[in-house]
Amino acid sequence: MPGPEATQISALTVAAAHALCFAGLAVAHSLAGRGALVSDPALALRLLVVCEAPVVIAVYSYLRRDARSCSFFKAVARGLIGLPVGAFLNAFGAIVLGAPVGFKYWMVTVYWSLLMSLFTFVPAACVFGSSKIDWQNVLSHSIYFTPTDVENYMISAPCHGAVLGGWIGAWPMPLDWERPLQEWPICVTYGAVAGYLVGMAVSWVLIAVHKRGVRAKAD
């Protein structure tokens, strides 16, 4: 199942891909019910992972860069391998930055880390595989200031948005409010999801501007 090359990905394709990823989150929210993240974080996070994982892996596997040498199913395998690897890295980073450890939190930490892996690690794993240069380009902030490939915008902005949103979402945790919202990882998840959605919108704008610039140069 061949996928498009980087230069062939249109702004409409990107919008459709992001819409599918948003739909996965919306379905999970609908199944969990309003306020489930506060009342039952483990259930809400588990549903988010279960609903979002197949969508993210399928969408970004279709948009894989090396479509001629990498089949769709190989890209899916890369995403499945990348999911636990990215979860481990996200969990390690969260714990280093002060996330609580212990039996009470290990399950929600696992689910939260898997969700963050879907936001940050899995898309690049599906699209680029182990290409060091592509990973460096995606992780670099310089893509926002210099022209780059469409899929770099598509992956980087939601990834950076999720990380920044999660970091901002952690700010209320140490405050003396004594509210359920401050429990790990509730507010961090709200921030990460919000940042991810904002990042998707930003990436579409960047891609639309990029496409317009390419057409102007061609003319």
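These figures come from a predicted structure and were not determined experimentally. (Residues numbered from 1 in each chain as written. Predicted model: local features only at pLDDT ≥ 70, side-chain atom pairs only at ≥ 80, totals over all residues. Heavy atoms only, no water.)

Undergrad: Can you break down helix α1 (residues 11-32) residue by residue, with the values?
TA: Compared with the 32 Å implied by 1.5 Å per residue over 22 residues, the 32 Å span of α1 between its first and last C-alpha is a close match. When α1 is considered as a whole, its buried residues turn out to be Ala-11, Val-14, Ala-17, His-18, Cys-21, Gly-24, Leu-25, Ala-28 and Ala-32. The buried residues of α1 all sit within an arc of 145 degrees when viewed along its axis, so they share a single face. Every exposed residue of α1 that faces more than 90 degrees away from the buried side is listed here: Leu-12, Ser-30 and Leu-31. Gly-33 sits one or two residues past α1 and shows a positive phi near 95 degrees. (Helix = DSSP H or I, 4+ residues; strand = E, 2+ residues; numbered from the N terminus. Expected span 1.5 Å × (residues − 1). Buried < 20%, exposed > 50% of the residue type's maximum accessible area, 1.4 Å probe, protein only. Arc of directions from axis to C-beta.)

Undergrad: Give me the pattern of salt bridges: which residues, what numbers.
TA: This structure, assessed with the given rule, holds 3 salt bridges. Two residues, Arg-65 and Asp-134, come together in a salt bridge whose shortest N-O distance is 2.5 Å. Here the residue Arg-65 occupies a position in the loop between α3 (41-62) and α4 (72-96), and Asp-134 occupies one in helix α7 (residues 132-139), the gap between them amounting to 69 residues. The salt bridge partner of Arg-65 is Glu-151, with a shortest N-O separation of 2.5 Å. Residue Arg-65 is found in the loop between α3 and α4, and its partner Glu-151 is found in helix α8 (residues 150-169); the two are separated by 86 residues along the sequence. Here the salt bridges share partners, and the residues they tie into one network are Arg-65, Asp-134 and Glu-151. (Salt bridge = Lys/Arg side-chain N within 4 Å of Asp/Glu carboxyl O.)

Undergrad: How would you explain the packing of aromatic side chains if you had to name every residue and give the values?
TA: The geometry of an aromatic ring pair comes down to the distance between the two centres and the angle between the two planes. Considering all chains together, one arrives at 7 aromatic pairs under this definition. On the basis of an interplanar angle of 20 degrees and a centroid distance of 4.0 Å, the ring pair of Phe-119 and Tyr-196 is categorised as stacked. Here the residue Phe-119 occupies a position in helix α5 (residues 103-120), and Tyr-196 occupies one in helix α9 (residues 186-218), the gap between them amounting to 77 residues. One exposure class covers both Phe-119 and Tyr-196, and it is buried. With 5.2 Å between their ring centres and 80 degrees between their planes, Trp-167 and Trp-171 make a pair best called edge-to-face. (Phe/Tyr/Trp six-rings, centres within 6.5 Å; stacked < 30°, edge-to-face > 60°.)

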